[in-house]
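Listed here are the chains, written in short residue letters.
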Amino acid sequence: MKIAFVGLGNMGGGMAANLVKAGHEVRAFDLSQEAIETARGNGCETFASARDAAEDCDAVVSMLPNGAIVRDVYTSDIIGQAPEGAVLLDCSTIDVATAKDVAQLAADAGYEMVDAPVSGGIAAANGGTLTFMVGGTDSAFKRAEPILQAMGKAVIHAGDAGAGQTAKICNNMLLAISMIGTAEAMKMAEKLGLDPQKFYEISSQSSGYCWSLNAYTPMPGVGVESPADNGYQGGFATALMLKDLRLAMEAAETADASTPLGAHAKELYEKFAEENGGMDFSGIIKSL
Ligand code: NAD
């Protein structure tokens, strides 16, 4: 299949390379020359613009920084430029409203489109083990699924356009809240004189069981190996968690959903990100 790929950054670079490995002809574009050169080294054909990449393809995949850029790339260079019948897949994490709008603009021009944001970081993008949560019609999902499978370990149809983004921000809001809760409980146990490793052993097998504690323990030397054991480097950057929390709070307001803990988690991450945007998000324990 001929696949145009726009946005070859930390995530997109590895994803495009995995499409090549799966036997697809990848027509790549990024604003960064360095990203273009890496993509060429990984077997992609490279182009001078998104429009040129999209002009002859069966599908378009994008992995871009935010909703404004996604809207701009699709309205200027993809919709109306990609061949009739090409399926469009935006894998960026963006606001639900923009995802729905762009899908509608695509549909008005006769294209099927899905929003397919990912769970999993740079290692999962490189290793082809991302989880995709997908919003779009049944027919768009069926067409997108085999393309996404070449880049991930799980591809889940969440619902109509925008449902992928909704799943992503609700999941990450829950993750932020549970990470702060885990960090608070571990620090409090320690301050009360309980050995944190004992607390981990007990709570990870009790009702405090959760992914933040069991699979991503935020205290160095306690529980499972995690970014905490590596100076909070690698993993999922605080700045990206904050981006997702902002998107979640925007969406909550639009939907009139009550999210007091989500709002508080956003405030705490905002403060923590002032000096620690590049640190793994579990580093928030250091602020307690
Ligand atoms: P990145 O900044 O490394 O990559 C984005 C790429 O898009 C850059 O190479 C940039 O040059 C390119 N770009 C920007 N504007 C462009 C345009 N108009 N045309 C073509 N290329 C353009 O970011 P990333 O870490 O790869 O993240 C990409 C998306 O994935 C984001 O929406 C992010 O929230 C999401 N995400 C990232 C992670 C992660 O761990 N990094 C995890 C899950 C989801």
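Here is a short report on the structure shown in this document. (Residues numbered from 1 in each chain as written. Predicted model: local features only at pLDDT ≥ 70, side-chain atom pairs only at ≥ 80, totals over all residues. Heavy atoms only, no water.)

A few points about the overall build of the protein chain
Counting secondary structure elements, the protein chain contains twelve helices and nine strands. Relative to its length of 288 residues, the protein chain is compact, with a C-alpha radius of gyration of 20 Å against a globular reference of 19 Å. Along the first, second and third principal axes, the C-alpha set of the protein chain runs to 65 × 45 × 35 Å. The buried share of the protein chain, reckoned over its 288 residues, is 49%. (Helix = DSSP H or I, 4+ residues; strand = E, 2+ residues; numbered from the N terminus. Rg over C-alpha atoms; globule rule 2.2 N^0.38 Å. Buried < 20%, exposed > 50% of the residue type's maximum accessible area, 1.4 Å probe, protein only.)

Examining helix 9 (residues 196-203)
Burial in helix 9 covers these residues: Pro196, Phe199, Tyr200 and Ser203. Angularly, the buried residues of helix 9 cover 100 degrees about the axis, an arc narrow enough to put them on a single face. Contacts made by the buried residues of helix 9 are with helix 8 (163-191) and helix 10 (211-214). Near the N-terminus of helix 9, the side chain that reaches the backbone nitrogen of Gln197, with its oxygen 3.0 Å away, is that of Asp195. (Arc of directions from axis to C-beta. Contact = heavy atoms within 4.5 Å. Polar contact = N/O pair within 3.5 Å; in protein donor to acceptor, adjacent residues only side chain to side chain.)

Focus on the pattern of salt bridges
Side chains bearing opposite charge may pair, as long as their charged atoms lie close to each other. In total, this model carries nine salt bridges according to the counting rule given. Linking Asp101 and Arg71 is a salt bridge whose minimum nitrogen-to-oxygen distance equals 2.9 Å. Linking Asp101 in helix 5 (residues 96-108) with Arg71 in helix 4 (residues 67-78), this pair joins segments that are 30 residues apart in sequence. Asp101 gets classed as partly exposed once you look at its relative accessible area, which sits at 37%. For Arg71, a relative accessible area of 30% corresponds to the partly exposed category. The salt bridge partner of Glu190 is Lys187, with a shortest N-O separation of 3.6 Å. In this pair, Glu190 and Lys187 are both assigned in helix 8, three residues apart and thus about one turn of the helix distant. Each of Arg246, Lys266 and Glu270 takes part in salt bridges that share partners, so that together they form one network. (Salt bridge = Lys/Arg side-chain N within 4 Å of Asp/Glu carboxyl O.)

Details of the site of the ligand
Around the ligand lies a shell of 21 residues, among which Asn10, Met11, Asp30, Leu64 and Lys243 are the nearest. Interatomic distance of 3.0 Å between a backbone N/O atom of Thr93 and an oxygen atom of the ligand. Alone, the ligand offers 830 Å² of accessible surface; in the complex the protein occludes 84% of this. Of all the cavities here, the one that holds the ligand is the largest pocket. Of all the secondary structure elements, the ones that give two or more residues to the shell around the ligand are helix 4 and helix 11 (238-255). When we break the shell around the ligand down by domain, the ones giving at least three residues each are domain 1 (2-160) and domain 2 (166-287). (Near = heavy atom within 4 Å. Areas by Shrake-Rupley, 256 points an atom, 1.4 Å probe, with all protein chains shown as cover. 1 Å grid on protein atoms, 1.4 Å probe; cavity = no way out; pocket = protein on both sides within 12 Å on 5 of 7 lines; lining within 4 Å. Sits in = over half its atoms within 2 Å of the grid points. Domains from an automatic or database assignment.)

So, to be careful, I would describe these as geometric facts and stop short of saying anything about function.
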